[in-house]
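# Geometric and topological summary
Here is how the chains run, residue by residue.
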Amino acid sequence: RGCRPPATERQQFLTQEGALSFPGHRARMSAPGTPKAQLSSKFLAKEASCRELYREEFSTFRPTIKLVDCTIRDGGLMNKWNFSHELVRDVYLANVAAGVDYMEIGYLTSESYFKRSEVGPMRFCGEEDLRKVMGSNDTKLKIAAMADIGRVDDQDIPLAKDCLIDLIRVACYDYQIDEAIRLANLCVARGYEVSINLMAVAKNTIQQIDACLDKVAEECTCHYFYIADSFGSVYGEQVRNLARRYIQKLGPDSAAKVPKIIGYHGHNNQQLGFANSVEAVITGVEMVDGSYLGMGRGSGNTCLEQLLCFFKNPKFDVRPVLEAIEKHLIPLRTSGVEWGVSIPYLIQGARNEHPKDAMAWEAAGKASDSLGFYDTFMTAEEKSPPDEMDVGDPDDVGVKAGEPGPRVPNHKPELYRQDFFSFRPLIKVLDSTVRDGGFARNWKLSDQFVAGIYKACVGAGIDYMEVGYLTGKTAIERDGITDDVYGPWRFCREEDLKRVYGENKTSLKLAAMCDVGMLTCAEVPNKRDTVLDLIRVACTTCQVEEAIALGNTVVANGLEAALFILDISVETLPRIESCLDLIAASSKAHTVTFVDSRGALYNEQVEILTNLFNEKLPGKTVGFAGANNLQMAFSNSVAAIIEGANMLDCAVMGLGRGCGGCPTENLMCFLKNPKYLLRPVLEALQLHVQPMTLADRKLFGIGATGCPSLPFLVAGTRNDDPADSVAWSNAGMKDESVRFLDFVRSKSRQVPRPKPKMLKDQSQRAYNAV
């Protein structure tokens, strides 16, 4: 999966009729066989002039972008809309204060379809219920409600002038498009703003998508049209392609009867909701959905607080939303209303399946039994997919699990390139659960825990396991790094390694990391004296000369060597290039990994860096490791793979400092090399990692709430060193995001940042998508 096809094949696909031949196709610097002159002139101009990693567009804003909060509507799927009046009211007030444009407060439903004794009032959005929350809504916030096909009768849709609802969103599947158009036109005629949300789009062929878009263009008077990743199964590439297609056929410059604004609604099954929303916005989407703490079915939606941190429009303020999260959403989540990171939803999202099995599994109280889910529904034997497309019920009321037994992924090749079903045998996976996860406990991890991770890595076919840090005697004496403070995996002494790993007579290679300054060249072990196979030297660009010397010693002593370049997000491209030139000229290291230590990179920066490293370091393996502060680690790993990175870091459940890193289980689901197996990873997750994270909520960012740590989100968005976030979490204040935001803002006032500039017209849009 992610295998790069031959240049001619990939270029042919990028331009073939019915695939990706859209005006303004996103120029990717890696496209083989593409002369540089053919790439976006705007992009190259930016690159040549400022030579910064982040283009100017990442610090500017488009005033036309609208944010939609769907916490109550989508989140209500998890508790049958039985929210307290205070919670709904406070979310409403927070949206007003935060500058959110629309609040989707529930469903517009005829009362003949549900009993009020069984669901909360926002399943109906009656006028009286709405007025209890917002009075007459004398604010700039507009109110939205969703209408499902077959759940609302025409006579129950009042005139807009008699209703507090401003926007009605009609949800449909492709086979319901005719009825959706009829209902949308009716709502427009009654005075509403109207959107059509085309759900489960990843299950459709290109021809089916085009048929829907063409029909809507010819017949529908709605104002908005949405890409809905209902199963959380699409990646950045598919989002870009869909957005361009929608914009071309329905956007402002299209031939549509009524041109429409394109929106994006993402689900977080694979932790891709935010990353895909960013890709959609960069491509030209103007309306984006999110929910507080990502509340929504299963793994939830894009987190609204992530979007508010990302957008630079000064009208947006994340603080009121963080206040509501602290007051209501975190207590709601910890009280037993479950959403957030979920292995059953991850598995079904990666397989592009309706999550009805995951829903039934978690409804039965088995959310933590991911291994049981795998054994019940996923087997080694595969059979042909069903003839009929299973899309399920729009809001999944009363949906039941499918039959246990073997499955196959049923992606549609028209949307997913063949590379998403194949594999590149050169790709290697390195699990850093013990080394990176050890931060939280000073590497005082039990032998049972470490052996469990080792067993999982061997069984899963993982290539390398990073067992900890090498720390030399000089550094130990100088810095007082003693055994009473730190566990054995801060030192990786040979007796400790052999106690757990023996002679390691397996295909798994053992790795250890050393920081520049913590190990001298004289202290580098020799291959004949150690069970280690790989030593990774961690450094910043200003330490690269020392790192090269240390890495060359590692190679001379018979071991594999890798350079691990930290804090790449704060470097300029010229400085990175100088560093790479020095490595190319004098380093004998086999691998060079660039590290998003601050969790601040987006797909675009990862693509640029992967290509730059490959260009500058021919003959060396390029690797990527990313922190998950913005919940971008997996998405960025996918971007790196597609652009040619061949070494990927990960950890079981993403275990690591702060918000952790890329989850090993996500990569096992994504990579198609048959040697990689998911089940052993799930066994280690369930027996070892999950109990540890639940026992200590301050351990790392994805724990009891199943959602990102908000202080690390704030730091990652600002590209700040995570030291403050680490200290904040270690003090037991991981959930106190408002105080943390006030703290970092007070520091910013001491060193003011430039105000963001507005992009005044659409010609300044990133990549000029259409």
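On to the overall build of the protein chain, then. Check the secondary structure of the protein chain and you find 27 helices and 18 strands. In the protein chain, which comprises 770 residues, the share counted as buried stands at 64%. Expressed as a percentage of contacts within the protein chain between residues at least 6 apart in sequence, the contacts between residues at least 24 apart total 79%.

Taken in spatial order, the 8 strands close into a barrel running 2-3-4-5-6-7-8-9, and their pairing is parallel. With strand direction ignored, the average angle separating the axes of adjacent strands in the sheet is 25°. Both strand 5 (residues 167-172) and strand 6 (residues 193-198) contribute to a ladder of 6 bridges, which runs parallel. Its bridge partner lying in strand 6, Cys172 is registered against Leu198. Contacts from helix 4 (residues 85-98) reach strand 2 (66-69), strand 3 (102-107) and strand 4 (142-148) within the one sheet, and its direction differs from that of strand 3 by about 155°. Of the strands in this sheet, strand 4, strand 5 and strand 6 are in contact with helix 6 (residues 177-189), which crosses strand 6 at around 165°.

The biggest cluster of nonpolar side chains holds 219 residues, and the ones touching the most others in it are Ile105, Ile196, Tyr246, Met465, Tyr501, Ile583 and Phe613. Apart from residues lying up to four places away in sequence, Phe613 is in contact with Ile565, Ile568, Ile576, Leu580, Val592, Phe594 and Val622. Residues Phe114, Val119, Met146 and Tyr173 belong to the second largest nonpolar core, which totals 12 residues.

Our next topic: the packing of helix 8 (residues 236-250) against helix 9 (residues 273-283). The interhelical angle for the contact between helix 8 and helix 9, taken along N-to-C directions, is 35°, at an axis separation of 9 Å. When you trace helix 8 past helix 9, the crossing you get is right-handed. Residue-level contacts link Gly236, Val239, Arg240, Ala243, Arg244 and Ile247 of helix 8 to Asn276, Glu279, Ala280 and Thr283 of helix 9. Counted by class, the contact of helix 8 with helix 9 contains 4 nonpolar, 3 polar and 3 charged residues.

Moving on, we come to the pairing of strand 10 (residues 428-431). Relative to strand 17 (residues 647-650), strand 10 runs parallel, the two sharing 4 bridges. Its bridge partner being in strand 17, Val429 is matched across the sheet by Leu648.

Let us now look at the pattern of salt bridges. One pass over the full model with this rule turns up 51 salt bridges. Across the salt bridge formed by Glu279 and Arg240, the nearest N and O atoms sit 2.5 Å from each other. With a gap of 39 residues between them, Glu279 in helix 9 and Arg240 in helix 8 connect regions that are remote in the sequence. Accessibility assignment for this pair places Glu279 and Arg240 in one class, buried. With a shortest N-O distance of 2.6 Å, Arg739 and Glu736 are connected by a salt bridge. A single salt-bridge network, built from bridges that share partners, covers Arg73, Asp74, Glu104, Arg169 and Asp289.

Let's shift gears to the confidence of the model for the protein chain. On average, residues of the protein chain carry a pLDDT of 86, and 84% of them reach 70 or more. This stretch, residues 380-394, has a pLDDT under 50; its non-local contacts, to residues over four places away or in other chains, come to 31 contacts.

What follows concerns helix 4. Between the first and last C-alpha of helix 4 there are 20 Å, a value that for 14 residues agrees with the 20 Å anticipated at 1.5 Å per step. Note on helix 4: the residue one or two positions beyond its end, Gly99, has a positive phi of about 85°.

In this structure, Gly294 sits in the loop between strand 9 (287-290) and helix 10 (304-310). For the pair Gly294 and Gly75, spaced 219 residues apart in sequence, the C-alpha to C-alpha distance is 8.3 Å. Aside from chain neighbours lying at most four places away, what touches Gly294 is Gly300, Asn301, Thr302, Cys303, Glu305 and Trp339.

Here we come to unusual backbone geometry. The bulk of non-glycine residues show a negative phi, and the bulk of peptide bonds are trans. At Cys125, a position not held by glycine, the phi torsion is positive, near 55°. Relative to the helices and strands, Cys125 is located in the loop between strand 3 and helix 5 (127-134). The phi angle at Gln631 is positive, at roughly 55°, despite the residue not being glycine. Residue placement: Gln631 occurs in the loop between strand 16 (621-626) and helix 22 (633-643).

This next bit is on the sheet that holds strand 12 (residues 509-515). The strand order 10-11-12-13-14-15-16-17 describes a closed barrel built from 8 strands, whose pairing is parallel. For this sheet, the mean inter-axis angle between neighbouring strands, taken without regard to orientation, is 25°. With 4 bridges joining them, strand 14 (residues 560-565) and strand 15 (residues 591-596) adopt parallel strand pairing. Across the sheet, residue Ala562 finds its bridge partner in strand 15, namely Thr591. Helix 22 contacts strand 15, strand 16 and strand 17 of the sheet and is inclined by roughly 165° relative to strand 16.

Calculation rules
Residues numbered from 1 in each chain as written. Predicted model: local features only at pLDDT ≥ 70, side-chain atom pairs only at ≥ 80, totals over all residues. Heavy atoms only, no water. Helix = DSSP H or I, 4+ residues; strand = E, 2+ residues; numbered from the N terminus. Buried < 20%, exposed > 50% of the residue type's maximum accessible area, 1.4 Å probe, protein only. Contact = heavy atoms within 4.5 Å. Pairing = 2+ DSSP bridges. Axes fitted to C-alpha atoms, helices over the stretch in contact; angles between N-to-C directions. Core = buried A, V, L, I, M, F, W, Y, C linked by side-chain atoms within 4.5 Å. Left-handed = near helix turned anticlockwise from the far one by under 90°. Nonpolar A, V, L, I, M, F, W, Y, C, P; charged D, E, K, R; others polar. Salt bridge = Lys/Arg side-chain N within 4 Å of Asp/Glu carboxyl O. pLDDT = per-residue confidence, 0-100. Expected span 1.5 Å × (residues − 1).

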